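Examining the three-dimensional arrangement
Listed below, chain by chain, are the residues.
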Amino acid sequence: MDQYISFSLCLFLVFGLCLCKDVVTLNGRLNKAVGEDVEFRLINSPPAPPFQINWLFGSELICAASAGTVSGVSPSYEGRASLDPNTATLELRNLTLSDTGEHTLRMTMSIGEAEKEWKTTLRVFERISSVTLEANQTELVEFNSSVTLTCAASGPSPSFQWFYSSAAVTGSDRVLLDNRTLTVLNVTRYDNGPYRCNASNIVSFNMSSDVTLTIAYGPDSAVVTAAPQAEYYSSGDNVTLNCSSESSPAAQLQWALNGTLLDEKGPELRLGDVQANHSGDYSCWAYNSKTQRYKLSSPASITVLERVSDAAITIAGSPDPLIAGKSSVSLTCQAKGSITTRKWMKNGETLSAESDRITFSDDNRTVSISPVQKEDGGEYKCQVSNPVSFAEGSGTLIVNYGPEKVKIKGQEAVEFGQQIHLSCSAESVPYITYTWTLNGTDEIGTGASFIKENSTYEDSGIYTCTAWNSITKETNKTDLELSVKAPGLSGEEGALSIGAIVGIAVAAFVVGVGNGISIFALMKKGFFSGGTTERGEVTYEIPLPSRVHPTKESEHVYQNTVGARDEPARIDVYDTTLPGRSFPSTVADGSDTHMIQTSEANVYLECVQ
């Protein structure tokens, strides 16, 4: 029983939905535009072709169908109306405004069944067309002007929507919306558009053409740039200045230097072969004839430096020439061009005021030294520069001093007959002169070196080198004591003191015969009997007494009897040590030469040319 009731309920619902529901269109109403087509239809088609169908507009029959066949169409709808007898769907084509109204469907599903009726409403509208947009003015000035745009359209009941570019416009304090009008107060440069309006009704819409506003603004943000950009420019460079400003329309530009207007106008100012007089602050005035506004750019500083050249140092001293400890001097750095820095160098190192003697002028142009000292001499350089160039001048400062630290270099002892070579040196500027003396007596030589080829015992003594500076008028000297010694003896053993040399000279002397004498004769006075010896070089052996008293000398006198001179040579024998060679006799005992001792030696005299 329950299943039967459920089944019956389902059938009732299905047929009720199929046959009892009204025709449904959008919201129960059909809205169409003139010229469009429309269908009137049931939501669900009937399960079988209806027995009788009648469509009416008001009381006027549009068309009818019976037993699945269309039976007629009203003449006023001929060609515009079509009826489907199976589904009861009515189609009206090419709608007109007169089609607006209520349409009724009357239908009988089968013979003997009651007729049923459904109603729906059709509204036909004209389409929106001829949409226009106008502005009360299109050329405006920023912040000063306001504008109203009006939209118009053909068609019933239009509504309007506003667009800025592709975005919808919304109202604000400055933007006022009133359906077909849009007002913008105190326009800015960003309000220029384009603007459009969209006109629409229930069945159509149409968009207007664009309207663009011309909004004058500026000038503002005027900027000057230089090409090439540099903090400093060298004389002869080419510089181009450019001025730009945000302005509509484009601003008129005029250049100014240090606040004074120049004749040059336009966005570009060319400075060719710049010189120092081109230096200054460049700016440009921007003027907008529409806004009647001016704008001055920030200045662009152009600094032109002349290249430095011809650097030189002038030296002025007093007294001149400069003498250490007595003179003062000023060194002045001179150069051409734009000098921003000066630097002093001495002998490759930075010169500084390391003592109170050295001072610099405020501009570092002059260095003063008072008094000068010998260490102030040397090569000075003045380096002048600016950011675009460099030059260097040099000068040599000569400080005369000395002589100082006089020194003698040489042997302190030489053998008899050897060369004596002494050299003298001293610190001095300029080059000095040297003189030599022996034992403080007469001058024996000049120059830095003293040379004597064959030394004698008389050459022993104190050698003095005196150095003299012709500029400073100063002298200085030093001594060296030199001894002449006997051959074969070293150190003090063979050296003769001055007293010994004098004693020997008094005690023994051998005569050397000059040019033209080639034959000698030797005779001992009071020792040998007979006359002279034969001509020729002869050697006599002189026997010495086996012992001589230490205080008593044994005297032997010999004489050259052939020649122009007759000078005796005497041998003095002491109980002490004397040189083994005496003017020019040789003393030997058959072995090495040595000093004579009374107890052990024989003496040989040899007379030689």
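Residues numbered from 1 in each chain as written. Predicted model: local features only at pLDDT ≥ 70, side-chain atom pairs only at ≥ 80, totals over all residues. Heavy atoms only, no water.

Moving on, we come to the overall build of the protein chain. What the protein chain contains, in helices and strands, is two helices and 51 strands. Counting only residues that meet the buried cut, the protein chain has 38% of its 609 residues in that class. For the protein chain, restricting intrachain contacts to residue pairs at least 6 apart in sequence, the fraction spanning at least 24 positions comes to 59%. Here the protein chain displays about 33200 Å² of accessible surface, and carbon together with sulfur accounts for 49% of that area. (Helix = DSSP H or I, 4+ residues; strand = E, 2+ residues; numbered from the N terminus. Buried < 20%, exposed > 50% of the residue type's maximum accessible area, 1.4 Å probe, protein only. Contact = heavy atoms within 4.5 Å. Areas by Shrake-Rupley, 256 points an atom, 1.4 Å probe, with all protein chains shown as cover.)

Taken as a whole and assessed by the stated rule, the structure comprises four disulfides. What pairs with Cys 151 in a disulfide is Cys 197, and their sulfur atoms sit 1.7 Å apart. Where Cys 151 bonds to Cys 197 through sulfur, the torsion about that S-S bond is close to 55 degrees, and the disulfide is right-handed. With Cys 151 in strand 12 (residues 147-154) and Cys 197 in strand 17 (residues 195-200), this pair connects stretches of sequence that are 46 residues apart. By relative accessible area, which is 0% here, Cys 151 ends up buried. The class for Cys 197 is buried, based on a relative accessible area of 0%. (Disulfide = S-S within 2.5 Å.)

Counting residues in each nonpolar core, the largest one holds 23 residues, and the members touching the most others are Phe 40, Ile 53, Trp 55, Ile 62, Leu 90 and Leu 92. Elements with a minimum of two residues in this core: strand 2 (38-40), strand 3 (52-57), strand 4 (60-66), strand 6 (81-84), strand 7 (89-92), strand 8 (101-108) and strand 9 (116-125). (Core = buried A, V, L, I, M, F, W, Y, C linked by side-chain atoms within 4.5 Å.)

Glancing now at a nonpolar patch on the surface. On the surface, a nonpolar cluster with roughly 410 Å² of combined accessible area is contributed by Leu 261, Trp 285, Tyr 294 and Leu 296. By the secondary structure assignment, Leu 296 is in strand 26 (residues 293-296). Residue classification places Leu 296 among the partly exposed positions, given a relative accessible area of 39%. (Patch = residues over 30% accessible without salt bridge, like charges linked within 9 Å, V, L, I, M, F, W, Y side chains within 5 Å. Salt bridge = Lys/Arg side-chain N within 4 Å of Asp/Glu carboxyl O.)

In terms of strand pairing, strand 29 (residues 309-318) meets strand 30 (residues 328-336) through eight bridges, oriented antiparallel. Residue pairing for strand 30: Ile 313 is matched across the bridge by Cys 333. Pairing analysis gives four bridges linking strand 30 to strand 34 (residues 366-369), with the strands arranged antiparallel. When the sheet's bridge partners are listed, Ser 330 is paired in strand 34 with Ser 368. (Pairing = 2+ DSSP bridges.)

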